[in-house]
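Residue-level structural notes
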Amino acid sequence: MSGSALWRVLCVCVMATLAGTVGCAGDLVPAPRLLSVWGESGSAPGELHQPIGIAVAADGTVFVADTGNDRIQAFSSEGSFLGAFGSRGKQPGEFRRPMDLDIDAQGHLYVAEHGGDRVQVFTRAGELLRVVHGEDAPGGGFDAAAGVVVSASGELYVADFYNHRVLAFRKDGSFRTVIGTPGRVLPGRLHYPTDLEWSDGQLVVADAYNHRIQIFTKDGRAVARWGGILGSGLAGDGPGSFRVATGVAVDALGRIYVADFKNHRIQIFTGHGALLAIFGAQGSGPGEFERPTDLDIGPDGRIYVVDFGNDRIQVFAPFAGGAR
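Report follows, based on the coordinates. Everything numeric here is computed off the predicted structure, so don't read it as measured data. (Residues numbered from 1 in each chain as written. Predicted model: local features only at pLDDT ≥ 70, side-chain atom pairs only at ≥ 80, totals over all residues. Heavy atoms only, no water.)

1. With respect to the packing of aromatic side chains
In total, this model carries 19 aromatic pairs according to the counting rule given. Ring centres of Phe95 and Phe122 lie 5.6 Å apart, and the angle between their planes is 55 degrees; this geometry places the pair in the tilted category. Taken together, the residues Phe95 in the loop between strand E5 (81-85) and strand E6 (98-103) and Phe122 in strand E8 (residues 118-122) connect sequence positions 27 residues apart. Overall, the relative accessible area of 0% leaves Phe95 in the buried class. Owing to a relative accessible area of 1%, Phe122 belongs among the buried residues under this scheme. Seen in terms of ring centroids, Trp226 and Phe269 are 5.5 Å apart; in terms of plane orientation they differ by 45 degrees. Their pairing is tilted. (Phe/Tyr/Trp six-rings, centres within 6.5 Å; stacked < 30°, edge-to-face > 60°. Helix = DSSP H or I, 4+ residues; strand = E, 2+ residues; numbered from the N terminus. Buried < 20%, exposed > 50% of the residue type's maximum accessible area, 1.4 Å probe, protein only.)

Structural data, given as structure tokens:
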């Protein structure tokens, strides 16, 4: 690590300690090893155009939100094309910019649809089960559904992008509560949230344009944050800082992975926000990224990253370093 990089790490650690927002892991550990790269630009089966979201099923099947082609595609864990469903439109089963994906305990696929202001729920084969508009929420529903996650108990959480909030729904689909309020800097304020995950029963929010990660209880109390000085959300390129934190994933050990969109990299943290590793740089070569948007962890620990600007998926070996 260079002297300037080490100084940035030390500054982040000191400021975080003073603020009580995150910990510090000290020296970074080796980054995961690249295993494979698959996908190419286009609209034919198996090709991708501006992919954004990803979800890996328990059997290793990889579902990709092929956003520019307004469809969902399924691949094997090795990248072999398995099938696709959806086309451009606003009718049930059609898509206008599908953006984020999640899979519940029954194997149902949830699709957050940015341009359609809704979440659609499908079987793995693409059969439509239901559509959630959130119309009973304050304000009358979603203004661009950007991120989606389902809790272990079946509750649905949706990142409501232009309303700068997260909406929570009960298992029966009825509205339960609002998490976060519009704003900058202060804890609990959100500015264009894009992705959601669960960690130890708490909600992890990619507070994208506040350039930070925030942690909430299921009832909406903000309990932790990191990114920028004191978790204030100032954009930066130093270790632990972000320039638009678009995607988040949590592994079996509770470590949190963040797609750092405009810094063209992935950062890995403990569940308490201590930085463990950084990998990636801008480019189109193996292991390089052009604006990564999302990522997920497979059942074997492999890391699947959506390389948005390169129209591809990159797969990395399970991360071996650091504790939760």
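2. Some thoughts on the sheet that holds strand E20 (residues 245-250)
Read from one edge to the other, the open sheet built from four strands follows the order E20-E21-E22-E23, with strand pairing classed as antiparallel. A strand with exactly one partner marks an edge of an open sheet, and here the two such strands are E20 and strand E23 (275-279). The sheet shows a mean angle of 20 degrees between the axes of neighbouring strands, direction not considered. Judged from the five bridges that link them, E20 and strand E21 (residues 256-260) form a sheet pairing that is antiparallel. Note on E21: the bridge partner recorded for Val248 is Val258. (Pairing = 2+ DSSP bridges. Axes fitted to C-alpha atoms, helices over the stretch in contact; angles between N-to-C directions.)

3. Details of the pairing of strand E9 (residues 128-132)
As judged from the four bridges shared by E8 and E9, these two strands associate in the antiparallel manner. From the neighbouring strand, Phe122 faces E9, where its bridge partner is Leu128. Turn length for the E8-E9 hairpin, with the two strands adjacent in sequence and antiparallel, is five residues, and the turn residue Gly126 shows positive phi of about 95 degrees.

4. Some words on the sheet that holds E5
Read across the sheet, four strands follow the order E2-E3-E4-E5 without closing on themselves; strand pairing throughout is antiparallel. Whereas interior strands pair on both sides, the edge strands pair on one side only; in this sheet they are strand E2 (53-56) and E5. With strand direction ignored, the average angle separating the axes of adjacent strands in the sheet is 20 degrees. The sheet contact formed by E2 and strand E3 (residues 62-66) spans four bridges and is antiparallel. Note that in E3 the partner of Ala55 across the bridge is Phe63.

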